[in-house]
2 protein chains.
Amino acid sequence: MSVMWTVKVVSLGVVALSFSLELLGRLFCRLRSGRTLHEVLFFPSEVACVEHIFTPTSAHPCFCSLPHGVETSFTRLLRRILSASSSLDLCIFAFSNMDLSRAVLTLHSRGVTIRVLTDKDYAAITGSQIGVLRKAGICVRCDMGSVYMHHKFAVVDGRLLVTGSLNWTLTAVQSNMENILVTEEPELVQPFIKEFHRLWVRNDPATYLCSSDQKPNQIKH
Amino acid sequence: MSVMWTVKVVSLGVVALSFSLELLGRLFCRLRSGRTLHEVLFFPSEVACVEHIFTPTSAHPCFCSLPHGVETSFTRLLRRILSASSSLDLCIFAFSNMDLSRAVLTLHSRGVTIRVLTDKDYAAITGSQIGVLRKAGICVRCDMGSVYMHHKFAVVDGRLLVTGSLNWTLTAVQSNMENILVTEEPELVQPFIKEFHRLWVRNDPATYLCSSDQKPNQIKH
């Protein structure tokens, strides 16, 4: 009886200990596997062919004169944008980069919901891709309520923030000192989602074209 | 004997369990108290008096016509910059904002080590504060190796990153749609520290003035 009792109590102790250790182990695993994604990219980017980003399964190699198979800041940026599977909210001052335009059009053709908010003046300059996006049926709104709508951020699938100093132009990508910060940190992503929504609603043409007394540039911030 | 043995084993189990629970508790406490600082500020900022940011203990109230005691995006930005106690590394495209200039000069007078890296063209435009900082004895270097040194970031005390779309100008603060992201996340801060160091060394006048064959704008990125 005494031996049986001892065995039972020892077993209970072992079970309690192993249960606690497993709990600790799972917690550590969760902390490790659930690590928040962060990435920083600097520009100018090395100039390289980006065809493989758009057609990774193509049987025909690209014969352009640029270096091939090189991973650069720009290819990483393109991959982040192209990772969108449900939505892309883009808030951009200047947008003339053809590869980034192709990325947005590719997402649109895949059925990804795209909203573009841009600066009213820069939308119309030579080389701007805003008209191309509009022609493709992508929903674009121009900010009417500030001197410059100077943001340069995108929110991918409502969870990944891509922001920084970089406008979506060729000069910014290939010639300037620029930065892009990529993060999934909710405390950083959520305010940008909220701000995008605020600006999107505020610049709804249905609202500001109907009432001359309440143009967005008269709304107090 | 049997009873004593039982008591010992039970005690051992209880100790193991309480030890594991305490470990879990401490882990949670550490996760909670050690939370990484994140903040997002949007602009344009409400226009308000910032005198109390510079002279919080002053006995004489400010009599300017602006609203007083208002916490805005700009006062928060100023507080972040003024929180520097040992160093401020600033990498900025355009710098003409007088209040931000005053903040940098205040830090300089407190003995904070300041390094400013800026764009060669924008450093000389009318209203630029770069000359004022240089006259005060602050170390300034101009980037010579790109079309535009378009960054707008600061690293406070080697641990806090302040970055975004906002140039340090009055228009950016009061009139444009802009963003500032503040974070202590090491995975985001460290690359900016590294990049600042790279650009600072690369734009050392002692290097690029001595050799006409190796001007920074000829260095391959």
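Residues numbered from 1 in each chain as written. Chains lettered and ligands numbered in written order. Predicted model: local features only at pLDDT ≥ 70, side-chain atom pairs only at ≥ 80, totals over all residues. Heavy atoms only, no water.

1. Considering the overall build of chain A
Logical step 1: Within chain A, the secondary structure is distributed over eight helices and seven strands.
Logical step 2: Radius of gyration (C-alpha) of chain A: 25 Å, far over the 17 Å computed for a compact globule of 221 residues.
Logical step 3: Expressed as lengths along the three principal axes of its C-alpha atoms, the size of chain A is roughly 90 × 55 × 35 Å.
Logical step 4: Taking all 221 residues of chain A together, the buried fraction comes to 47%.
Logical step 5: Within chain A, contacts between residues at least 6 apart in sequence are counted, and of these 72% link residues at least 24 apart.
Logical step 6: Working note: accessible area of chain A is about 11,200 Å², and carbon and sulfur atoms make up 59% of it.
Logical step 7: Charge centroids of chain A, computed over 22 positive and 18 negative side chains, lie 5 Å from each other. (Helix = DSSP H or I, 4+ residues; strand = E, 2+ residues; numbered from the N terminus. Rg over C-alpha atoms; globule rule 2.2 N^0.38 Å. Buried < 20%, exposed > 50% of the residue type's maximum accessible area, 1.4 Å probe, protein only. Contact = heavy atoms within 4.5 Å. Areas by Shrake-Rupley, 256 points an atom, 1.4 Å probe, with all protein chains shown as cover. Lys, Arg positive; Asp, Glu negative; His and termini not counted. Charge placed at Lys NZ, Arg CZ, Asp CG, Glu CD.)

2. Looking at the UniProt feature "domain: PLD phosphodiesterase" (unreviewed entry) in chain A
Logical step 1: Mapped onto the present numbering, the UniProt feature "domain: PLD phosphodiesterase" (unreviewed entry) falls at residues 145-172 of chain A.
Logical step 2: Secondary structure across residues 145-172 of chain A divides into 11% helix and 36% strand, with the first and last C-alpha atoms of the span separated by 25 Å. (UniProt positions renumbered as here; feature names shortened; annotations may be inferred.)

3. Let's talk about the packing of helix α3 (residues 73-82) of chain B against helix α4 (residues 98-109) of chain B
Residues and elements named next belong to chain B.
Logical step 1: Running from amino to carboxyl end, α3 crosses α4 at an angle of 20 degrees, the nearest separation of the two axes being 10 Å. One finds that α3 runs roughly parallel with respect to α4. Seen from above, α3 lies across α4 with right-handed handedness. Contact with α3, carried on its side by F74, L77, L78, I81 and L82, involves D99, L100, A103, T106 and L107 of α4 and no other residues of that element. (Axes fitted to C-alpha atoms, helices over the stretch in contact; angles between N-to-C directions. Parallel < 35°, antiparallel > 145°, perpendicular 65-115°, else oblique. Left-handed = near helix turned anticlockwise from the far one by under 90°.)

4. Some remarks on the layout of surface pockets
Logical step 1: Space inside the second largest pocket adds up to approximately 600 Å³.
Logical step 2: If you trace the second largest pocket, you find 28 residues lining it, with F93(A), H150(A), F93(B), Y122(B) and H150(B) closest to the centre.
Logical step 3: Within the residue set of the lining of the second largest pocket, elements represented by two or more residues are α6 (170-174) of chain A together with α6 (170-174) of chain B. (1 Å grid on protein atoms, 1.4 Å probe; cavity = no way out; pocket = protein on both sides within 12 Å on 5 of 7 lines; lining within 4 Å. Points joined across faces, edges and corners; volume = space filled by probe spheres on them.)

5. So, the interface of chain B and chain A
Logical step 1: At the junction of the two partners, chain B supplies 54 residues and chain A supplies 54 residues.
Logical step 2: Carbon and sulfur atoms make up 71% of the surface buried where chain B meets chain A, a total of about 4,400 Å² over both sides.
Logical step 3: Here chain B and chain A share two salt bridges between them.
Logical step 4: A salt bridge links E187(B) to R35(A); the shortest N-O distance between them is 2.8 Å.
Logical step 5: Summed over the shared surface of chain B and chain A, the result is 18 residue pairs in polar contact (both at pLDDT 80 or more).
Logical step 6: For the side of chain B that touches chain A, the secondary structure elements donating two or more residues are α1 (2-33), β1 (38-43), β5 (152-156), β6 (160-164), β7 (178-183) and α7 (186-202) of chain B.
Logical step 7: When residues of the side of chain B that touches chain A are assigned to their parent elements, the largest contribution, 14 residues, is made by α1(B). (Buried area = accessible area lost by both parts, 1.4 Å probe. Salt bridge = Lys/Arg side-chain N within 4 Å of Asp/Glu carboxyl O. Polar contact = N/O pair within 3.5 Å; in protein donor to acceptor, adjacent residues only side chain to side chain.)

6. Things to note about the confidence of the model for chain A
All names here are of chain A.
Logical step 1: Mean pLDDT over chain A stands at 88; residues scoring 70 or higher make up 90%.
Logical step 2: Below pLDDT 50 for its whole length, residues 210-221 participates in 16 contacts with residues either more than four positions away or in separate chains.
Logical step 3: As scored by the predictor, the complex reaches a pTM of 0.83 and an ipTM of 0.82. (pLDDT = per-residue confidence, 0-100.)

7. Digging into the side chain of T118(A)
All names here are of chain A.
Logical step 1: By the secondary structure assignment, T118 is in strand β3 (residues 113-119).
Logical step 2: At 2.7 Å, the side chain of T118 forms a polar contact with the backbone oxygen of I92.
Logical step 3: Excluding anything up to four places from it in sequence, T118 contacts I92, F93, A123, I130, V140, R141, C142, D143 and M149.

8. Remarks on the relation of the copies chain B and chain A
Both copies of the chain are related through a single rotation about an axis accompanied by a shift along the same axis.
Logical step 1: Overlay of chain B on chain A (RMSD 0.7 Å): rotation 180 degrees, translation along the axis 0.5 Å. Considering both components of the superposition, the chain copies are consistent with a two-fold axis. Residues of chain B ranked by C-alpha distance from the rotation axis are headed by G13(B), positioned 1.6 Å from it.
Logical step 2: Residue by residue, 100% of the interface of chain B is reproduced at the interface of chain A, so both copies engage with the same surface. (Least-squares fit on C-alpha atoms with pLDDT ≥ 70 in both.)

9. Notes on the state of the cysteines
Residue and element names in this part refer to chain B.
Logical step 1: A full pass over the atoms with the stated rule returns zero disulfides over all chains.
Logical step 2: No disulfide involves C49; its nearest neighbouring cysteine sulfur is the one of C62, lying 3.6 Å away.
Logical step 3: Owing to a relative accessible area of 5%, C49 belongs among the buried residues under this scheme. (Disulfide = S-S within 2.5 Å.)

10. Looking at the sheet that holds β3(A)
The pairing of strands in a sheet happens through backbone hydrogen bonds and is either parallel or antiparallel.
Logical step 1: The sheet built from seven strands is open, its strands ordered β1-β7-β6-β5-β2-β3-β4 (chain A) with mixed pairing. With one partner strand each, in any of the chains shown, β1 (38-43) and β4 (139-143) of chain A form the two edges of the open sheet. For this sheet, the mean angle separating the axes of adjacent strands, direction not counted, is 10 degrees.
Logical step 2: When β1(A) meets strand β7 (residues 178-183) of chain A, the two strands line up antiparallel, connected through six bridges. Each residue of the ladder has a partner; that of E39(A), found in β7(A), is V182(A).
Logical step 3: Its contacts with the sheet place helix α3 (residues 73-82) of chain A against β1, β2 (87-92), β5 (152-156), β6 (160-164) and β7 of chain A, and it is angled at close to 135 degrees to β1(A).
Logical step 4: α7(B) contacts β1 and β7 of chain A of the sheet and is inclined by roughly 20 degrees relative to β1(A). (Pairing = 2+ DSSP bridges.)

11. Considering the domain arrangement of chain A
Logical step 1: Along its sequence, chain A is carved into domain 1 (1-35) and domain 2 (36-202).
Logical step 2: The C-alpha centroid of domain 2 of chain A is placed 49 Å from the C-alpha centroid of domain 1 of chain A. (Domains from an automatic or database assignment.)

12. Looking at the environment of L90(B)
All names here are of chain B.
Logical step 1: With respect to the element layout, L90 can be found in strand β2 (residues 87-92).
Logical step 2: Taking the C-alpha atoms as reference points, L90 and V140, separated by 50 residues in sequence, lie 9.4 Å from one another.
Logical step 3: Excluding anything up to four places from it in sequence, L90 contacts F95, R115, V116, L117, F153, A154, W168 and F196.

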